[in-house]
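Chains, contacts and geometry: an overview
So the chains spell out like this:
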Amino acid sequence: MKLTLCADVDELRSRAIAGLDAYFNSIAIQNAHRDLVHALKRQMAREIIEGGEPNPWIEQEAAEAETALVAYARLIDGRSDALAERELLRRRLKAKIRVGTVQEIREIMSQYNGAAPSA
Amino acid sequence: MLIVYDEIGRITQALLNVCTEETVDLYKQNGHPRVFIYRKELPNIRDYFVIETDGVPEIVQRPLLDLVLSRASIIADGADAAVLTGVPAGASGTIDDGTSRSQFVGDGEPIEVQADHPGTYRVFVECWPYMSNSVAIEARA
């Protein structure tokens, strides 16, 4: 009996695409979480400031949060170049997974199935 | 210890503190004909199975599948091959390359193992009543 060690290519493609989506989605979740924290800080800061207790540290936090929220708004509006580039990369990688060799798919999986980088 | 097993000798229940003939009868009346009282220790029921000899059940330790691979490393050229022995006919095999799995069924003969793609593969083999075993094969470019 002969046995050829090989990957189940259909399953490999399916897992690679799922892994790719998880990778890119985790970046989006990190962004969303970061901006949610900033938004909460800003809200707290405003409440405190409006309550008549000015605090330089909180004002600085609020300013940083404002910047982060603007950046986030750009991302979710699709105006961010970074978001567009990431989406383009995701599509290109998916296309490559759909037609690529086992070796190519494995290379993509090893690169993009690990922990997502910081946003 | 009360032992309940199925038609292939797999122990499905091992109950302490209910070792009475009445319990055995109760099980049989409730559709579990393969039940008996075992008077010794049984550390892990997964390591044992039941053989019936003339209708008398006996607890036997499950042997480990004795898989032997001639080489742990091959060249992934579709030609270089290692030989895997010890896979019984009808055994269920799984090849895991770390990202996906594929299946095969053993025919009882030695298996020539080759690969088209480099990678680290693990071949799992299951065949009741043996304890499952596996071998790792490195396919190099």
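Each chain has its residues counted from 1, following the order in which its sequence is written. Chains and ligands are labelled by the order in which they are written, letters from A for the one and numbers from 1 for the other. pLDDT decides what is reported in this predicted model: residues at 70 or higher carry local features, side-chain atom pairs at 80 or more are listed and counted, and totals for whole chains, interfaces and linings draw on all residues regardless. Side-chain measures here rest on the full set of heavy atoms in the structure, leaving out hydrogens and waters.

Moving on to the nonpolar core. By nonpolar core is meant a set of buried Ala, Val, Leu, Ile, Met, Phe, Trp, Tyr and Cys residues that side-chain atoms within 4.5 Å join together. Exposed residues in this analysis have more than 50% of their type's maximum accessible area, buried residues have under 20%, and partly exposed residues fall in between, with area computed by a 1.4 Å probe over protein chains only. In terms of nonpolar packing, the biggest core is built from 23 residues, with A:Leu5, B:Leu84 and B:Val123 touching the most fellow members. Those elements giving two or more residues to this core turn out to be β1 (2-5) of chain A together with β8 (82-85), β11 (111-115), β12 (119-126) and β13 (133-140) of chain B. Discounting residues that sit within four places of it in the chain, B:Val123 has contacts with A:Leu5, B:Leu84, B:Thr94, B:Ile95, B:Phe104, B:Asn133, B:Ser134, B:Val135 and B:Ile137. Core analysis: the second largest hydrophobic core is formed by 15 residues, A:Ala16, A:Ile97, A:Ile105 and A:Met109 among them. Only runs of H or I of at least four residues qualify as helices and only runs of E of at least two qualify as strands under DSSP, and these elements are numbered from the N terminus. We call two residues contacting when some pair of their heavy atoms lies within 4.5 Å.

Let us look at the packing of aromatic side chains. To describe a pair of aromatic rings, you give the distance between the ring centres and the angle between the ring planes. Pairs were defined over the aromatic rings of Phe, Tyr and Trp, the Trp ring being its six-membered one, requiring ring centres within 6.5 Å. Orientation was assigned from the angle between planes: stacked under 30 degrees, edge-to-face over 60, tilted for the rest. In total, this model carries 6 aromatic pairs over all chains according to the counting rule given. Seen in terms of ring centroids, A:Phe24 and A:Tyr112 are 6.1 Å apart; in terms of plane orientation they differ by 20°. Their pairing is stacked. Of this pair, A:Phe24 sits in helix α1 (residues 9-50) while A:Tyr112 sits in helix α4 (residues 102-112), placing them 88 residues apart in sequence. Given the relative accessible area of 6%, A:Phe24 is considered buried. Ring centres of B:Phe36 and B:Tyr38 lie 6.5 Å apart, and the angle between their planes is 85°; this geometry places the pair in the edge-to-face category. On the basis of relative accessible area, B:Tyr38 is assigned to the buried category, the value being 17%. Pairwise contacts between aromatic rings join A:Tyr23, A:Phe24 and A:Tyr112 into one cluster. Its guanidinium or amino end placed over the ring of B:Trp128, B:Arg10 lies 4.6 Å from that ring's centre, counting from NZ or CZ. In this analysis the charged atom, NZ for Lys or CZ for Arg, is taken to sit over a ring once it is within 6 Å of the ring centre and within 35 degrees of the ring normal.

Attention now goes to the pairing of β8(B). Moving residue by residue along a regular strand, the side chains alternate between the two faces of the sheet. All names here are of chain B. Residues Ala82 and Leu84 line the buried face of β8, whereas the alternating positions Val83 and Thr85 sit on a face that is not buried. Direction of pairing for strand β6 (residues 68-69) relative to β8: antiparallel, over a ladder of 2 bridges. Following the sheet pairing, Val68 is matched in β8 by Thr85. Inspection of the sheet shows β8 paired to β11 by 3 bridges, in the antiparallel sense. Within β11, the position partnered with Leu84 by the bridge is Ile111. The pairing criterion for strands is at least two bridges between them, as found by DSSP.

Turning to helix α1 (residues 21-29) of chain B, a few remarks are in order. Residue and element names in this part refer to chain B. All of the buried residues along α1 are Thr23, Val24 and Tyr27. Down the axis, α1 shows its buried residues gathered within 105° of arc, on one side only. Along α1, the residues that are exposed and aim more than 90 degrees away from the buried face are Glu22 and Gln29. Considering only its buried residues, α1 is in contact with β1 (2-5), β2 (11-15) and β3 (35-37). Just downstream of α1, Gly31 is the residue with a positive phi angle, here 90°. Here the arc refers to the set of directions running from the helix axis out to each C-beta atom.

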